[in-house]
Amino acid sequence: MAERIDDETIAYVSILAKLELSSEEKEQAKKDMGRMLDYIDKLNELDTEGVEPMSHVFPAQNVFREDVVTNGDGSESTLMNVPARKDNMFVVPKTFE
């Protein structure tokens with residue numbers, strides 16, 4: 001494991017994350033961050049020449065659709081049970097003057 005994470009880096013990251021770490025937690029964080037960087041280095045060894053970048057894991061073509069009303073809005077059946085209505089709208093009490 002490469003020793004690329006020093007105490008100042010851990011202190012800075014803990015300030016950014018608003019964490020108070022004990023000395024044991026700081027040492028563990030250094031080890032964890034070092035392992036993460038080692039894994040990234042390992043991924044950088046892969047030959048990605050000619051691999052097209054992707055934005056989604058699953059193929060997605062034109063995820064938008066036409067906004068078509070199929071069953072109506074049901075406003076008449078909704079308004080049948082209201083205590084007061086006016087011009088196809090609910091009448092509610094005023095909340096402020």
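No experiment lies behind these values; they were computed from the predicted model shown.

Peer 1: Would you mind going over the environment of Glu-25 with me for this structure?
Peer 2: Structurally, the position occupied by Glu-25 is in helix H2 (residues 23–44). Between the alpha carbons of Glu-25 and Glu-97 there is a distance of 57 Å; along the sequence they are 72 residues apart. From its side chain, Glu-25 meets the backbone nitrogen of Ser-22 in a polar contact 2.8 Å long.

Peer 1: What is the right way to look at the pattern of salt bridges in this model?
Peer 2: Side-chain pairs of opposite charge can arise whenever the charged atoms involved come near each other. Enumeration according to the criterion identifies 3 salt bridges in this entry. Put simply, Lys-30 and Asp-7 hold a salt bridge, and the shortest N to O gap is 3.1 Å. Separated by 23 residues along the polypeptide, Lys-30 in helix H2 and Asp-7 in helix H1 (residues 7–16) bring together distant segments of the chain. Among the salt bridges present, the one from Arg-35 reaches Asp-32, with a minimum N-O distance of 2.6 Å. Of this pair, Arg-35 and Asp-32 both sit in helix H2, 3 residues apart, roughly one helical turn. Through salt bridges with shared partners, a single ionic network connects Asp-7, Glu-27 and Lys-30.

Analysis parameters
Residues numbered from 1 in each chain as written. Predicted model: local features only at pLDDT ≥ 70, side-chain atom pairs only at ≥ 80, totals over all residues. Heavy atoms only, no water. Helix = DSSP H or I, 4+ residues; strand = E, 2+ residues; numbered from the N terminus. Polar contact = N/O pair within 3.5 Å; in protein donor to acceptor, adjacent residues only side chain to side chain. Salt bridge = Lys/Arg side-chain N within 4 Å of Asp/Glu carboxyl O.

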